[in-house]
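# Topology and contacts: notes
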Amino acid sequence: MKLATKIIHAGAEPDPSTGAIMTPIYQTSTYVQTAPGQNKGYEYARSQNPTRKALEDALAIIENGKYGLAFSSGVAATDAVIKLLSPGDEVIAANDMYGGTYRLFSKIFEKFGIKFIYVDTTDVANVQAAVTPNTKLVWIETPTNPLMNITDIHAVAKISKAAGALLCVDNTFASPYLQNPLDLGADIVMHSSTKYLGGHSDVIQGALMMNDTTLREQLYFIQKSCGAVPGPMDCFLVLRGIKTLHVRMKQHCENGYVVAHFLRKHPNVDKVYWCGFADHPNYNIAKLQMRAFGGMMSFTLKDDSIEAAFKVLSSTKLFALAESLGGVESLINHPASMTHASIPREERIKNGLVDGLIRLSVGIEDADDLVEDLKQAIG
Ligand SMILES: *Cc1c(COP(=O)(O)O)cnc(C)c1O
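Residues numbered from 1 in each chain as written. Predicted model: local features only at pLDDT ≥ 70, side-chain atom pairs only at ≥ 80, totals over all residues. Heavy atoms only, no water.

### Re the pairing of strand S12 (residues 358-361)
- Alternating residues of S12 divide into Ile358 and Leu360 and Arg359 and Ser361, and every residue in both groups is buried.
- In the sheet, strand S9 (residues 296-301) pairs with S12 via four bridges, with the strands oriented antiparallel. Paired with Ser298 across the strands is Arg359, a residue of S12.
- Where strand S11 (residues 331-333) lies against S12, three bridges are found, and the strand directions are antiparallel. Bridging across to S12, Ile332 finds its partner in Leu360. (Buried < 20%, exposed > 50% of the residue type's maximum accessible area, 1.4 Å probe, protein only. Helix = DSSP H or I, 4+ residues; strand = E, 2+ residues; numbered from the N terminus. Pairing = 2+ DSSP bridges.)

### Looking at a negative patch on the surface
- On the surface, Asp270, Asp303, Asp304 and Glu307 cluster together to form a negatively charged patch.
- Among the secondary structure elements, Asp304 is positioned in the loop between S9 and helix H12 (306-313). (Patch = residues over 30% accessible without salt bridge, like charges linked within 9 Å, V, L, I, M, F, W, Y side chains within 5 Å. Areas by Shrake-Rupley, 256 points an atom, 1.4 Å probe, with all protein chains shown as cover. Salt bridge = Lys/Arg side-chain N within 4 Å of Asp/Glu carboxyl O. Lys, Arg positive; Asp, Glu negative; His and termini not counted. Charge placed at Lys NZ, Arg CZ, Asp CG, Glu CD.)

### Notes on the sheet that holds strand S5 (residues 166-170)
- Pairing in this open sheet of seven strands is mixed, and the strands run S1-S7-S6-S5-S4-S2-S3 from one edge to the other. Of all strands in the sheet, those bounded by a partner on one side alone are strand S1 (67-71) and strand S3 (115-119). Neighbour-to-neighbour, the strand axes of this sheet turn through a mean angle of 20 degrees, independent of strand direction.
- Note: strand S2 (residues 90-94) against strand S4 (residues 135-141), four bridges, orientation parallel. Across the sheet, residue Ala93 finds its bridge partner in S4, namely Trp139.
- The sheet strands contacting helix H2 (residues 50-62) are S1 and strand S7 (206-210), and the helix crosses S1 at an angle near 125 degrees.
- Sheet contacts for helix H4 (residues 99-109): S2, S3 and S4; angle to S3, the most-contacted strand, approximately 145 degrees. (Axes fitted to C-alpha atoms, helices over the stretch in contact; angles between N-to-C directions. Contact = heavy atoms within 4.5 Å.)

### Digging into the domain arrangement of the chain
- Each assigned domain of the chain is listed here: domain 1 (3-242) and domain 2 (245-378).
- Summarising the inter-unit geometry, the C-alpha centres of domain 1 and domain 2 are found 26 Å apart.
- Taken together, the contact between domain 1 and domain 2 spans 40 residues of the former and 41 residues of the latter.
- Carbon and sulfur atoms supply 61% of the area that domain 1 and domain 2 bury against each other, a total of about 3500 Å² over both sides. (Domains from an automatic or database assignment. Buried area = accessible area lost by both parts, 1.4 Å probe.)

### Comments concerning the packing of H2 against helix H9 (residues 232-242)
- One way to put it is that H2 packs onto H9 with a least axis distance of 8 Å and a crossing angle of 35 degrees. Like other packed secondary-structure pairs, H2 and H9 cross with a definite hand, here left-handed. Packed against H2, whose contacting residues are Thr51, Arg52, Ala54, Leu55, Ala58, Leu59 and Ile62, the element H9 presents Pro232, Cys235, Phe236, Val238, Leu239 and Ile242 at the interface.
- Tallied by class, the residues present in the contact of H2 with H9 amount to 11 nonpolar, one polar and one charged. (Left-handed = near helix turned anticlockwise from the far one by under 90°. Nonpolar A, V, L, I, M, F, W, Y, C, P; charged D, E, K, R; others polar.)

### A word on the packing of aromatic side chains
- All told, the structure shown has nine aromatic pairs when counted by the stated rule.
- Residues Phe105 and Trp139 carry aromatic rings whose centres are separated by 5.7 Å and whose planes lie at 90 degrees to one another, so their mutual orientation is edge-to-face. Within this pair, whereas Phe105 is found in helix H4, its partner Trp139 is found in strand S4, the two being separated by 34 residues in sequence.
- Judged by relative accessible area, which is 0%, Phe105 ranks as buried.
- Residues Tyr283 and Phe293 carry aromatic rings whose centres are separated by 5.8 Å and whose planes lie at 35 degrees to one another, so their mutual orientation is tilted. (Phe/Tyr/Trp six-rings, centres within 6.5 Å; stacked < 30°, edge-to-face > 60°.)

### Some words on unusual backbone geometry
- Look at the link from Thr142 to Pro143: it is a cis peptide, with omega at -5 degrees.
- When you line up the elements, Pro143 lands in the loop between S4 and helix H6 (153-163).
- Residues Asn145 and Pro146 are joined by a peptide bond in cis, for which omega reads 5 degrees.
- You can see Pro146 is positioned in the loop between S4 and H6.

### Digging into the site of the ligand
- Neighbouring the ligand are 14 residues, the closest being Gly74, Asp170, Ser192, Thr194 and Lys195.
- Between the ligand and the protein, one listed contact pairs an oxygen atom with a side-chain N or O atom of Ser192 at 2.8 Å.
- Contacts to the ligand include Thr194, whose side-chain N or O atom sits 2.7 Å from an oxygen atom.
- Taken by itself the ligand offers 380 Å² of open surface, and the protein chains cover 94% of this.
- Those elements that place two or more of their residues in the shell around the ligand are helix H3 (74-82) and strand S6 (188-192).
- Partitioned by chemical class, the residues of the shell around the ligand number five nonpolar, six polar and three charged. (Near = heavy atom within 4 Å. Polar contact = N/O pair within 3.5 Å; in protein donor to acceptor, adjacent residues only side chain to side chain.)

### Focus on the sheet that holds S12
- The five strands are arranged S8-S9-S12-S11-S10 in an open sheet whose pairing can be described as mixed. The open sheet is flanked by strand S8 (269-273) and strand S10 (320-321), the only strands paired with a single partner.
- Along the sheet face, helix H10 (residues 245-265) touches S8, S9 and S12 and points at about 10 degrees away from the line of S9.

Below, the structure written as C-alpha cells:
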C-alpha cells in the first residue's frame, strides 16, 4: 500500500462499541474489570488507552515499523531511549542537533554516569573513530536543526550494528513522508510529534517507532514506569494530524523550494542552508535517503550583525516569530537566542550556528505571499 493510503487508514479501526469511524477520545483513567484480574486488555490509563493505541498503531505504520509508542513530548521520547542505558555506557551523538536534546544529555543524564561523545556525524568516519567497547547507542539527527546537515543513515547503521550499539534517528525534520530510517537500518526512530506529525501547532507530543519486539517491550516498560504518556485528547489531535501529513508535506516541499531559491538569489542574503540545493555538501546522500527536501531552511545576511538579523526577524508579517516548526503556518526563528540558547555560544559558533543565523519553517500558505513577506522584511 502507498503512503497516502496508509496514512489515512493507519490505526483506523471503527470503534468496536459504536462503529464510530474516528477513534473516540477515551477520557478515562481506569477501566472496570469483570472480575479481579479479568479485563478487556485495559487496566489503567498510564499503561493502556484505546485512543493512544490507535495513534501508536498509526505511528508504527507510517514509519514502516512494527511498533509505535507515544510520549508526552519529543524530549520525553528521547528521555525514554536514554533510560535503556546504564552508568558507564557511552553514547555517540551528533554535535549539531536540537538544543533540548543536548540539554537533556549534558545537564540531566551525564550526572547519572552516562557518557556522551559529540562528533560531526556528517562524516561517518568520525562515528567509527568514536566507537569503544562501551558504546551502546548512537544518536543522530538528519537533517539537522537548524543547519540542515545530512548524515548517511545507512552507513551509520552499519557502524552501530558492528559496534553492538543501537542507532536512534531523530526524524522530526524530515517526517515519515520524506525519510524512513528503519528501512535504512536504524533501530529506533524518534519524532517530536509536536512538529510535522501534529502539523497544526496545537499539541506537544513525542513518538518512538521500532521493529524489534524485545526493544519494544523495554521501551514500553520505561513508558509505563516513568509515566510520560500523552493524554487521550492529544493522541486524538496527532492521529488527526497524521491523516493529512502527505498533502501538507507536499506543499511544504513545494513552498520550501520556492522560498529557498528566492533567498539564494536575493542580493542581501549570504548563505542559504537547504538540503535540496545540488551544491549542498551532503546533497548526494540527501537525494538517496530522502524523497524530497521539505520546508525547513536557515540563512544569513551579507550584513552579519545581530541588528540586521533582528530587523528581519521583527519585520515579517506572515512568518510569525516563534519557536517550533512543522505547522501549517510559516514561522521565523532566531536559533542563537531562541531554540539553541541552551548551547554555549563558543560551541554554537564552532558548529556554524552564528549569531546572525535565521531559521524558517515554511508553511503551506501561498508561496507568492511568503516570498512577498520575506522581500519586504529583507529589503
Ligand atoms: C522540537 C524538537 C524536539 C523536542 O520535541 P518536543 O516535542 O518539543 O519535546 C526534538 N528534536 C527536534 C529535531 C525538534 O525539532
